[in-house]
Amino acid sequence: FISNGIERRPNDLDYIKYVSNDQIVKKIDNTNLVDQEALLKMPSGKVPNYIFMGKGNLMFENKSKTWFDDNPPSVSNASAVGDLDNDGDLDLVVSNLNDLVSIYENQTEKTAHNYLKIKFNYLKPNSFGIGTKVYAYANGKLQYKELYTTRGFQSTSEPVIHFGFGEAKRIDSVKVIWPNKTFQVLKDLKVNQTLVIKPENTKPLKQKVALKNRMFEKVEGNLGIDFTHEEDNNIDFLRQKLIPYKISDKGPAIAIGDLNGDGKEDIFFGGSKYKTSKVYLQVDTSYVETTFPVFANDSIKEDVSALIADLNNDKKNDLFIATGGGDFYNKMKPLQDSYFTQNKDTGYTTQQLPDYFENASVVKACDFDNDGDLDLFVGGYAVTNDFGKIPNSYILVNNNGTFSIADGAYQMGMVTDAVWDDFDGDGFKDLIVVGEWMSPKFFKNTKGKFIEVPKINNLNGLWQAIEPYDIDNDGDTDYLVGNWGMNTKFKASQDYPMLMYYSDFDGNGQTETIACTAKDDLYYPILGLDELSSQLVFLKKKFNSYQMFAGQPITSVLDQKMIKNAKKLQVHTLQSGYLENDKGNYKFVPFLNELQVAPITSFLKYDFDGDKKEDVFASGNYLGVTPFHGRLDAFSGALIKNSKSIALGTQLGMNLSKKAVKKISVIHFKDKPYLLVTFNNSKAEVYSILK
C-alpha cells in the first residue's frame, strides 16, 4: 500500500513557469498580496492511493482500482494496519489531511486463505518485542518478517506479525529470534490462530562468520593492479539531446596475455579519450605498471575493446585495439583502430590497417578461413551525431600479419558483442552478433563469405553480451544473451514493442530520435516537453503549456507525415536469457527475475567450483542514462551452472552492484586463478576463487 497526495503541488511545471516569470518574481518580492495569489494558483496535489499485489518472483500487480470500492483523490499522509475485526486479516487505516479518516476492511476471510498471527510478550521495557525476527516454514516455503510498527508519517501499526499461508493446513516450524540474540523454535503449528509467544527454552544465536557457499574473496592489494578507469567528460545529451542513453561510456578495453615474452600473463587496460592506456606486467611478487611509449602515444583514442594474440605468426603476441567513444566523427583519425606487433627488442611497432572509421564496440579473433592465422571481426556500435543509423562492421582477413577488409562493410546493426562458433556443425566457424534495437543475428561462414541465416525472429532487444553455453545440459550449444533487464522505465513486449522514431524531424539536416513506450494501446514519448522542445523547437508553439502536452500520444505530438517518414526501430523484449538450441532452431528463454534487475553486460565461462564442468558468471549494471531513469546498478552478479541452478554474487562473496561492470576476466598469478573485474569509471578489483 502506498499513501499518496499533497495539499498543493509546488513542482507543477506550469506553476514553476508562472512563479519564475521575472514580473511575478518582482511582485512577490514587493508585496504579500502576490504571495497569496501565487499560493492560490498552485494546483491541487490530491491523487488516489495505490495498492499492489505481490505476485512472487519480484513482480507486483496494480490492484488500486479493484481492491478499493472507494479511492477518491486525497492527501493521505499516514497509514497503519491491524486486524480491527479479529477475523485474521489485516485491515487498513488511512489518515487524510483536512478530511475524514479512511478505514478499509479486508475481506480476505471470504477466501480459503489461511493465516497465523503472532504477538510477543517480551522483556520490559520492550514488552511488544519490537525488533523480533520470525522465520516461518510451510510446504517447503520460507517467509521472514521483523516486528516494526512504524511504516509512515506519525503512524503506528498493531504490534503483530502476520503471515499468510494460502491453502497450507499446517505450519512446519516457526523460528523466533529475540532482540537479545537468543532464539527458540515452535514446531507443527495449526493455521488460523493467534499465538502469544514469550521467551522460553531459548538458545544463544550463533552468528555466521562467513557465507556458507562463499566462492570468491576480495584480494587485499589487488595483486598490485591499481588501475582506475576514468571516463572523459563528454556528455552525449548535449550533442544529441534526444538519444535514450549514452554511447560514449563503453570502455575500458581490457586484454590478457603475455606482452613481454616471459611466458606470464600480463594485462592491458585501455584508456578513455586523452587518457593513457595502462600495461601491468606480471613479475614474481605482483603486477607492476610498465610504460610502453608506442601505446601511450595513442592516448587521444577511446579504447573500448582489445585482444592480445600472435597475429603475424612470429610466436610473439601482438595487440589490437578497437576504438570508439562517440565523440570523433566522419573520417577523423582517432576513429581508426590500432594494431601493434611485437619486435625483436620486446617493444612494439605500429602497423597499418585498412581505412575504416567507426565507433567500434568489440573485436573478436578467429581463423575463419582455416589458413593458420587469426582473422578479426570488428563490430560497429553507433554513428557519432547520428544515433539510430546503422554503422558498418568489418571482417578483417589476415595475410601474414597484414589485414584487409573481406567482402566490404557489413551493416549488421548496432553491434555490442559477438562470438565465433560453428553453429551449423560444418567444421567452419560462423559468426553470431548481438546489439541494440536488433535481434541476435547468425551469419553462416560460406567459403569466407558470411551470409545471414534466419534463426530467430522478432527478438529485438538492447542486447549487450553473448556467450555459448549448454545451459540445459542436452549436449548442444545454447547461447546466453544479456539484455537491459526489466527494472527500468523502458517497457517492451511482443504485442507492444518499444519504438524509437528516427528522422530529421525539424528539417535542420541533423537526425533526431524519439523513444516511445505503449500504454493502453497508445504510444507515448518517454521524454517530456522540455527535453523534446529543446531540440524540436516547433513543439514550443504547438504546446504552450505543460498541461496541453500531458497525456498526448506520439501521434498528437508529431504530425502524421513526420511519423510516416520516420524510420521505426523496435525492441520486443528487455529480458536477459538464453537461446535454447533445438536441433539448430532457437527459442528464447528468459532468466529468472533475480537476473532482470539491471543490464547484463558480460559473461565469463570458467570452472569456478572445480567440478571439471564449466559454469558462467554474469555481471553488468549501467549508469549512462539521464537522472529520469535512475541508476541501473542493482545487479550483484550471478553464477549460472544450468537453467535451474543460479546463485547471486551476494551469496558467493562477490557483490558487484553499484558499479558498471565492463568485463570479468580470469588471470593466473603463480599458477593460481583469480578474477579480475574491470569497471567503467571506477577502480578494477581482484578476487580469489575459493575452490
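Residues numbered from 1 in each chain as written. Predicted model: local features only at pLDDT ≥ 70, side-chain atom pairs only at ≥ 80, totals over all residues. Heavy atoms only, no water.

Thoughts on a nonpolar patch on the surface
Move 1: A cluster of nonpolar side chains, namely I2, Y50, F52 and F60, defines an oily patch on the protein surface of about 400 Å² accessible area.
Move 2: You can see F60 is positioned in strand 4 (residues 59-62). (Patch = residues over 30% accessible without salt bridge, like charges linked within 9 Å, V, L, I, M, F, W, Y side chains within 5 Å. Areas by Shrake-Rupley, 256 points an atom, 1.4 Å probe, with all protein chains shown as cover. Salt bridge = Lys/Arg side-chain N within 4 Å of Asp/Glu carboxyl O. Helix = DSSP H or I, 4+ residues; strand = E, 2+ residues; numbered from the N terminus.)

Structural notes on the pattern of salt bridges
Move 1: Scanning the entire structure with this criterion turns up 23 salt bridges.
Move 2: Note that D249 is salt-bridged to K250, the shortest N-O span being 4.0 Å.
Move 3: The residue R631 makes a salt bridge to D633 at a minimum N-O spacing of 2.9 Å.
Move 4: The exposed category is assigned to R631, whose relative accessible area is 52%. (Buried < 20%, exposed > 50% of the residue type's maximum accessible area, 1.4 Å probe, protein only.)

Description of the nonpolar core
Move 1: Counting residues in each nonpolar core, the largest one holds 23 residues, and the members touching the most others are Y245, F387, W437, L462, W484, F490 and M498.
Move 2: Mapped by element, the contributors of at least two residues to this core are strand 28 (375-382), strand 38 (498-503) and strand 41 (567-571).
Move 3: Element by element, the count of residues in this core is highest for strand 38, at 3 residues.
Move 4: What F490 contacts, discounting residues up to four positions off in sequence, is P244, Y245, L462, W484, M498, T517, I526, L574 and H629. (Core = buried A, V, L, I, M, F, W, Y, C linked by side-chain atoms within 4.5 Å. Contact = heavy atoms within 4.5 Å.)

Brief notes about the pairing of strand 43 (residues 585-590)
Move 1: Relative to strand 43, strand 42 (residues 577-582) is paired through 6 bridges, and the arrangement is antiparallel. Looking across to strand 43, one finds that L579 is bridged to F588.
Move 2: Counted between consecutive antiparallel strands, the loop separating strand 42 from strand 43 contains 2 residues, among which K583 sits at a positive phi close to 55 degrees. (Pairing = 2+ DSSP bridges.)

Re the sheet that holds strand 46 (residues 638-642)
Move 1: If you walk across this open sheet you meet the 4 strands as 44-45-46-47, and the pairing is antiparallel. Every interior strand has two partners, whereas the edge strands, strand 44 (600-606) and strand 47 (645-648), have only one. The sheet shows a mean angle of 20 degrees between the axes of neighbouring strands, taken without regard to direction. (Axes fitted to C-alpha atoms, helices over the stretch in contact; angles between N-to-C directions.)

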